[in-house]
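Here are the chains, one letter per residue:
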Amino acid sequence: MDEVTGAQLIAESLKTQKVEYMFGIVGVPIIEVAMAAQAAGIKYVGMRNEQAACYAASAVGYITGRPGACLVVSGPGLIHALGGMANANMNCWPVLVIGGSSDRNQETAGAFQEFPQVEACRLYSKFTARPSSLEAIPSVIEKAVRTSIYGRPGAVYVDIAGDMVNAKVERDRVREVSCCPPPPVSLAPSAAAEEALSVLKAAKTPLVIIGKGAAYSRAEAVLTEFVEESGLPFLPTPMGKGVLPDDHPSCVAAARSRALLQADVVLLLGARLNWMLHFGLPPRFNPHVKIIQVDLCAEEMGNNVKARVALLGDVGAVVSQILTCVRRDGWKYPSKTGWWSELRKKVAANAKISKALALKGTLPMNYYTVFHHISQLLPRDCIIVSEGANTMDIGRTMLNNYLPRHRLDAGTFGTMGVGLGFAIAAAAVETTRIKPQRVVCVEGDSAFGFSGMEVETMCRAPPVSLLPEARYDEVMTAFGGRGFLVRTAEELREALQLCLTDWERPSLLNVLIDPSSDRKQQEFPWLTRSNL
C-alpha cells in the first residue's frame, strides 16, 4: 500500500506548481516539510529571521514571476513573517507563506505557540486557508499559488496543523492537481488604445512613467519599441529602473521634478499615483494633467486622479496595442520641441550639480562621492539591492540600472530591513543561471541593523545549517565590546570570570558546542505527542 505523509504532499504540490525556492527557519512542527522539500528538488535556504525569509521569498516572486515559499514555525515564527507578507502585498509581489500550527486536538487548550494564524494572516494576504485533510493539500496549494500570481500579485498563506505533517494517507485517495498555468493576459478595448493615442497627440508636454508593474509584466521589449518609435520622454519609478536602460537618450530621470510638474499628459504604465508619485496632485503635478492609466487592477483606475483614459490589462499587451496605433497613424512626438529642450537642459544642469558633489575631496566622504566611485566599477548587468534613507534615495540617482528587475529596494511600503533578504534571494536565483550576474547590496547603517545577521546566511554553503564556528565574538568586538572564543572548560571559566568582574564593557562568550550534543533521553516525545 503506497502511503504519503502530509510533508511529502506539501513538497510535491509545491514542485508541481513550479515553486522552486523555499526560505525559512525550521523547527516544530514543520521541520519535516523542509526535508521533504529538499528531497523534491526545491532549493531551501535556512535564514536567521522569518521576516527576512519572507522578504527573500517575495523577491523570488518578483524576479521569476512564480512565488517563492516561506516556511515558518507556529506562533512567533508566523508573526515574524507578517511584516514580509504585508510588504509583498503592498509591493504586489507573489509569495506563499506556509506556517505550521498547533495540533488539531490541542486547539483552545493552550497548546505550544497556539495562535489564531489563519485569522491573523487575512489582513496581510490575498488568500488564507487551512487544509481540512491531507487529501485537500494539493488543491489548496494550487489555489494559493494561482491566487498569488493572478490579477494583482500578492501574498497568500497556507496553515498546516502540526499533526498533519507526519500523518499518512493512501496516495490513490489524493486527487492529482496539475500545475496552474501562467496568468491570462488581458487586453484593453481597441477603442481605448485609439483614444490614448489621440490624447498623446494633443499633448504639448507629454511624459511616460514606467513602474515596477511594467517590469513584473516583462514589458521591456515592447516598451523599448514604443518609446523609440513614439519619441516620448520617460521617467522610471525606483523599481521601474532598467526596464529601459537608465542611460537611454529618452530617459529624463535626472529632471524628475520638472517633468512631473510640467507634464500635461502622463502615460502611467504599471505605476500607482500613491505617495511615491505624490498622489498625482499639485504642487508636484500640473493641476490640469491628463492621466492615461494602464494597470491590470480595475480598482486602481482613477485612484487620486481621475484617468482621462483607463486601459485595463497587462502592461506589455496594452503597450503593444498603443504601439500598433502609433504605427498605423505614423505619429511621432517631435524631438526638437521646447519641452524636449527644457528637459535636456534640466538633465544636464542636475548632472553637473551631482558631479560637483561627487568630486569633492572632503573627509568623511559624502554620498555622491561614494556612489560616483561605486558606479564606475559596477558591472553593467549587476542586480542592485538598496535600502536606507539617503543611501537609497541618492543611490537611485547615481547608480544606474540597465536591465529590468535588476533593482530591489524598500518599495511601496518603505520597509526597512529588506535588503539582505532580497540580496540572498537574487543570488539564489542567479546561481541557477548559465551566466549568473553579480548582486550588489547597498545598505544604509540603520537599514543594515534590521537584518544584519543574515550575512551569516550569505556565507553558508550549503545554506541549510548554521556555520559551526561563526565568530559571534568578533561581532561584539567590532562594536567596542569584549568578545571571547571559547573551546575548552578552562577557557570558559577564565573568560566568564573576567567578564563578571568587568562592569565597563558588554561581553560576549562564543562557546563552541559539539554539533552531535543533545538532550538526555526523554521518557515522552516532544510535547507528549502520541505516535499511536
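Conventions we followed
Residues numbered from 1 in each chain as written. Predicted model: local features only at pLDDT ≥ 70, side-chain atom pairs only at ≥ 80, totals over all residues. Heavy atoms only, no water. Pairing = 2+ DSSP bridges. Helix = DSSP H or I, 4+ residues; strand = E, 2+ residues; numbered from the N terminus. Axes fitted to C-alpha atoms, helices over the stretch in contact; angles between N-to-C directions. Contact = heavy atoms within 4.5 Å. Patch = residues over 30% accessible without salt bridge, like charges linked within 9 Å, V, L, I, M, F, W, Y side chains within 5 Å. Areas by Shrake-Rupley, 256 points an atom, 1.4 Å probe, with all protein chains shown as cover. Salt bridge = Lys/Arg side-chain N within 4 Å of Asp/Glu carboxyl O. Buried < 20%, exposed > 50% of the residue type's maximum accessible area, 1.4 Å probe, protein only. Disulfide = S-S within 2.5 Å. 1 Å grid on protein atoms, 1.4 Å probe; cavity = no way out; pocket = protein on both sides within 12 Å on 5 of 7 lines; lining within 4 Å. Points joined across faces, edges and corners; volume = space filled by probe spheres on them. Nonpolar A, V, L, I, M, F, W, Y, C, P; charged D, E, K, R; others polar.

Novice: What should I look at first to understand the sheet that holds strand E3 (residues 43-46) in this one?
Specialist: Two strands in a sheet stick together by hydrogen bonds in their backbones, pointing the same way (parallel) or opposite ways (antiparallel). If you trace the 6 strands from one edge of the open sheet to the other, you get E3-E2-E4-E5-E7-E6, paired in parallel fashion. Every interior strand has two partners, whereas the edge strands, E3 and strand E6 (127-129), have only one. Each strand of the sheet is rotated relative to its neighbour by a mean of 20°, with strand direction disregarded. Across 7 bridges, strand E5 (residues 95-101) lies against strand E7 (residues 155-161) in parallel orientation. Residue pairing for E7: Val97 is matched across the bridge by Tyr157. Here helix H6 (residues 137-149) sits on the sheet in contact with E5, E6 and E7, set at roughly 165° to E7. Running over the sheet, helix H16 (residues 419-430) touches strand E2 (21-24) and E3 and is turned about 150° from E2.

Novice: Please clarify how the sheet that holds strand E15 (residues 407-408) should be interpreted in this entry.
Specialist: Taking strand neighbours across the sheet as the criterion, the 3 strands line up as E15-E14-E16 in an open arrangement whose pairing is parallel. At either margin of the open sheet sits one strand with a lone partner, and together these are E15 and strand E16 (439-443). Looking at chain direction, strand E14 (residues 383-387) and E15 are connected through 2 bridges and run parallel. The residue of E15 that forms the bridge with Ile384 is Arg407. Of the strands in this sheet, E14, E15 and E16 are in contact with helix H15 (residues 390-398), which crosses E14 at around 145°.

Novice: Looking at this structure, how should I read a nonpolar patch on the surface?
Specialist: On the surface, a cluster of nonpolar side chains totalling about 450 Å² of accessible area is made up of Leu492, Leu496, Leu500, Val511 and Ile513. The element that contributes the greatest number of residues to the nonpolar patch is helix H20 (residues 489-501), accounting for 3 residues. Within the fold, Leu500 resides in helix H20. Its relative accessible area of 59% is what places Leu500 among the exposed residues.

Novice: Any chance you could explain the state of the cysteines here in plain terms?
Specialist: Simply put, disulfide is the name for a covalent bond between the sulfur atoms of two cysteines. In total, this model carries 0 disulfides according to the counting rule given. Between Cys70, a cysteine without a disulfide, and Cys54, which holds the nearest cysteine sulfur, the sulfur-to-sulfur distance is 4.4 Å. Residue Cys70 is classed as buried on the basis of its relative accessible area of 0%.

Novice: Honestly, the pairing of strand E9 (residues 206-210) in this entry has me stumped. Any pointers?
Specialist: Taken residue by residue, a regular strand's side chains alternate between the two faces of the sheet. Summarising burial for E9: 5 of the 5 residues are buried, a large majority. The alternating pattern of E9 places Pro206, Val208 and Ile210 on one face and Leu207 and Ile209 on the opposite face, and all of these are buried. Sheet topology note: the E9/strand E11 (residues 265-269) ladder contains 5 bridges and is parallel. Among the inter-strand pairings, Ile210 is bridged to a residue of E11, identified as Leu269. Where E9 lies against strand E10 (residues 234-236), 3 bridges are found, and the strand directions are parallel. Within the sheet, the bridge partner assigned to Ile209 lies in E10 and is Leu235.

Novice: Explanation requested: the layout of surface pockets in the structure shown.
Specialist: One simple way to see leftover space: roll a probe sized like a water molecule over the atoms. Looking at the largest pocket, its volume works out to about 1300 Å³. Secondary-structure elements contributing two or more residues to the lining of the largest pocket are E10, helix H11 (256-262), helix H13 (338-358), helix H14 (367-377) and H15. For the lining of the largest pocket, the residue count by class is 22 nonpolar, 12 polar and 12 charged.

Novice: Help me understand the side chain of Arg407, please; the structure alone is not making it clear to me.
Specialist: With respect to the helices and strands, Arg407 occurs in strand E15. Judged by relative accessible area, which is 1%, Arg407 ranks as buried.

Novice: What exactly am I supposed to notice about empty space enclosed by the protein here?
Specialist: Applying the stated criterion to the full structure yields 2 cavities of 30 Å³ or more. In terms of residue count, helix H9 (residues 212-216) provides more of the lining of the largest cavity than any other element does, 3 residues in total. A breakdown of the residues in the lining of the largest cavity according to their chemical character gives 11 nonpolar, 9 polar and 6 charged.

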